[in-house]
Amino acid sequence: MHTRVLTGITTTGTPHLGNYVGAIRPAILASKDPQVDAFYFMADYHALIKSDDAARVEASRLQITATWLAGGLDPNTATFYRQSDIPEVPELMWLLTCVTAKGLLNRAHAYKAAVDRNLEIHEDPDAGVTAGLYMYPVLMAADILAFNANKVPVGRDQIQHIEMARDIAQRFNHTYGREFFVMPEAHIEEQVATLPGLDGRKMSKSYDNTIPLFEGGAKALRETIMKIVTDSRAPGEPKDTDDAALFTIFKAFATPAETAAFADALRGGIGWGEAKQVLFERLESEIAPMRERYDALMARPDDMEDILHTGAAKARAIAAPLLETLREAVGLRSYRPQAKAESVAAVIATKAKPPRFASFRDDDGRFRFRLFAADGEELLLSEPFADPKAAGALRQRLSTMGGGAAVIESLDDHVVMRADGEIVARGARYPDDVARAAAVMRLRGALADLAAAQDA
C-alpha cells in the first residue's frame, strides 16, 4: 500500500545551498521510493502572506520550480504542481473555515508571537496582523486534506499546524457524520542536515550568510566560498575540523573517503585558501550538471508550465471528486441529478478544448495520423500504416486509454511512442534532455486529457 506524502515549498526566495542539502535533496530522494505517493507543490498562496512583492513571488515560483526539476525530481513519479492551479484548495479552505473554532486559531504559534510582540511595545494586539496570517493554519489544512495525505514532513516548529489540521478534519467529519478525511501525521526528520553559512551561523537569508546554489554560476559560487569565515591559523598549522564551517559543508556533499581525506589535509596544515578551493571543486562537480539543467529550464519557462499544468491535472483528478462529495455533505447540491458527474468530469479534463487527432493519407497511399495539443501544437506524427483500420484502432486505443495504451520515451533526440513493443509515432526533435522531458510530460498530459474527454 502506498503512503501519500505531501510537501509544500514556499515561493518567497531564491534557493541556496542550505535549502538544497536540508530540504530539496532529501525530498527528491524520498520521492523515488516506490512505496511513496509523493505530492510536491509550490505554496504560492502561502507566499502572499509573507510577501507583498509581486515580482519576487513571480520570480521565486519560476526559480524554485526549475531548482527542483534540475535537482532530479521526476514529475512522472511525483505529483508536482502549483497551489494556485488547484481551485479546490481555497474552496476547501472555506468549507473548513466554517467548522474551525476561533479559539483554535487564537492558539496558533505565529499569531500568538505577533500579538506578543505588539503587547511588548504597547501596541494594539492585532496591529499589523493580517487575516491571511490568522487563517494560515486553515489553508495549510486544506492543502493536506484536499489529497488526504498520510504524512507531511515538517520541522518541529510546524508540528502544531499538523495537529490543527487533524483537529479541523475531525470537527468536519463529526459535524457531517462521515469519515471524509484521513488524519494526517507529522513526519519529523531527526537527521535533517543544517549547513553553516559564511559566518558560521545557520545558513539563512535572515542572516544574509547564504551560498548560492545556481544563481551567478560557478564564479559566484567560488567567490562566495572564499568569503567563509575561518580562524587565524596559518598554512602548516593543524586545523580543527569540529568547528570548521567549510568542513561541515564539504562533508554534506562528499563520500566518506573524500571526507576522511579532507579531514586529514586540514589536520595536516593545509591553508584555508587552498581548503576553500578544494571545497569549491567538490561542490562544483555536483552542482555544475544541475546548474546546466537549471539554466536550460529557466530559458524555456513554457516547458515548466507544461510540467506544472500536467501535475495540476493529476492533483485535481483527486481533489475534484472529493470536493463534489463535500459540497453534497454540506448541502451545496445541484438540482440536476446528473450535474455532479458532469462537473467532476469537466474538472478532471481541466481544459475547455481537448487535444485532437487528425488522420490523413500519404502520397504513397499509406495512412497516418497527427496528435495536436489543445493550443494547436503538433505533438506526434504516426508511422505509416498500410491498413487504415490499424491506424484507426491505434487512435482509438490512445483516445480511450490515454498514456496507458503506449510507452512514451526519449530516443536519441526524439520523443517516441511505442505500442506492443514497436515505435508507432514520433514527436519533434529536441535539443537536450530537459526539453525532451518536458515534451514527454506534455504528451502524457494530452493523452490523459483525451481519455478524460472520452469518459465525459
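The structure presented is a predicted model; accordingly, all values stated were derived computationally and were not measured. Each chain has its residues counted from 1, running along the sequence as written. Local features are withheld for residues below a pLDDT of 70 in this predicted model, meaning they are given only at 70 or higher, and side-chain atom pairs are given and counted only at 80 or more; totals for whole chains, interfaces and linings count all residues. Note that water and hydrogens are dropped before the side-chain values are worked out from all heavy atoms of the structure.

Another aspect to go through is the pairing of strand β2 (residues 36-43). Both faces of the sheet carry side chains from a regular strand, because those side chains alternate between them. Summarising burial for β2: seven of the eight residues are buried, a large majority. As defined by bridge partners, strand β1 (residues 3-10) adjoins β2 across eight bridges and the pair is classed as parallel. Counted as the bridge partner of T3 is V36 from β2. By the criterion used throughout, a crossover qualifies as right-handed when its path from the first strand across the helix to the second strand runs clockwise, the strands pointing away from the viewer. Strands here are runs of E lasting at least two residues and helices are runs of H or I lasting at least four, both read from the DSSP assignment and numbered beginning at the N terminus. This β-α-β element, β1 to helix α1 (residues 17-31) to β2, shows right-handed connectivity. When DSSP locates at least two bridges between a pair of strands, those strands are taken to pair. The pairing of β2 with strand β3 (residues 79-82) spans four bridges and is parallel. Per-residue accessibility, obtained with a 1.4 Å probe over protein chains only, is compared with the maximum for each type, and a residue is labelled buried under 20%, exposed over 50%, and partly exposed between these values.

We call Phe, Tyr and Trp rings a pair once their centres come within 6.5 Å, taking the six-membered ring for Trp, and we label the pair stacked below 30 degrees between planes, edge-to-face above 60, and tilted otherwise. Tallied over the full model, the rule gives 14 aromatic pairs. Residues Y81 and F147 carry aromatic rings whose centres are separated by 5.6 Å and whose planes lie at 55° to one another, so their mutual orientation is tilted. Remark: F147 occurs in the loop between α7 (131-145) and β4 (151-154) and Y81 occurs in strand β3; sequence separation between them is 66 residues. Ring geometry for F357 against F369: centres 5.3 Å apart, planes inclined by 90°, an arrangement best described as edge-to-face. One end of the pair, F357, is in strand β6 (residues 356-361); the other, F369, is in strand β7 (residues 367-372), with 12 residues separating them in the sequence.

If the charged atoms of two oppositely charged side chains come close together, the side chains can form a pair. The working definition used for a salt bridge is a side-chain nitrogen of Lys or Arg within 4 Å of a carboxyl oxygen of Asp or Glu. In total, this model carries 16 salt bridges according to the counting rule given. Of the charged contacts in the structure, one is a salt bridge between R327 and E91, with a shortest N-O distance of 2.6 Å. One end of the pair, R327, is in helix α13 (residues 301-330); the other, E91, is in helix α4 (residues 88-97), with 236 residues separating them in the sequence. The closest approach of N and O atoms between D364 and R366, which form a salt bridge, is 3.0 Å. Among the charged side chains, a salt-bridge network with shared partners connects R82, D85 and E305.

Every second residue of β4 is oriented toward a common face, the buried set being V152 and V154 and the non-buried set K151 and P153. Where β4 and strand β5 (residues 185-188) come together, four bridges link them in parallel fashion. Bridge assignment links K151 to a residue of β5, and that residue is E185. At this point the chain moves from β4, through helix α8 (residues 159-176), to the parallel β5, and the crossover so formed is right-handed.

Take the confidence of the model for the chain next. Per residue, pLDDT measures the predictor's confidence, with a range of 0 to 100. Here the chain averages 87 in pLDDT, and 91% of its residues register 70 or above. For the chain, the element scoring lowest by mean pLDDT is helix α14 (residues 339-349), at 56; α4 scores highest, at 98.

As used in this record, nonpolar core signifies buried Ala, Val, Leu, Ile, Met, Phe, Trp, Tyr and Cys residues forming a set joined through side-chain atoms within 4.5 Å. Counting 56 residues, the largest nonpolar core has L17, Y40, W68, F80, I228 and L283 as its most contacted members. With nine residues, the single largest contributor to this core is helix α12 (residues 272-299). Here, residues are in contact when the closest pair of their heavy atoms is within 4.5 Å. Not counting residues up to four positions away in its chain, the partners in contact with I228 are L198, I211, A245, L246, I249, K276 and L279.

Our focus in this paragraph is the packing of helix α3 (residues 54-70) against α13. The relative placement of two packed helices is expressed as an angle between their axes plus a distance between the axes. Only the contacting stretch of a helix is used when fitting its axis, a line to C-alpha atoms as for every element, and angles between N-to-C directions run 0 to 180 degrees. Packing of α3 against α13 leaves a shortest axis separation of 11 Å and a crossing angle of 75°. One way to sum up the angle between α3 and α13 is to call them roughly perpendicular. Residue-level inspection shows L62, T65, A66 and L69 of α3 in contact with α13, the latter providing P301, M304, I307 and L308. Classes in brief: Ala, Val, Leu, Ile, Met, Phe, Trp, Tyr, Cys and Pro nonpolar; Asp, Glu, Lys and Arg charged; the others, Gly included, polar. Looking at the contact of α3 with α13 residue by residue, the class counts come to seven nonpolar, one polar and no charged. For this classification, under 35 degrees means roughly parallel, over 145 means roughly antiparallel, 65 to 115 means roughly perpendicular, and everything else is oblique.

This next bit is on helix α10 (residues 245-253). The element α10 is largely enclosed, with a buried count of seven among its nine residues. Among all positions of α10, only A245, L246, F247, I249, F250, A252 and F253 are buried. Residues of α10 that are buried sit in contact with α1, α11 (256-267) and α12.

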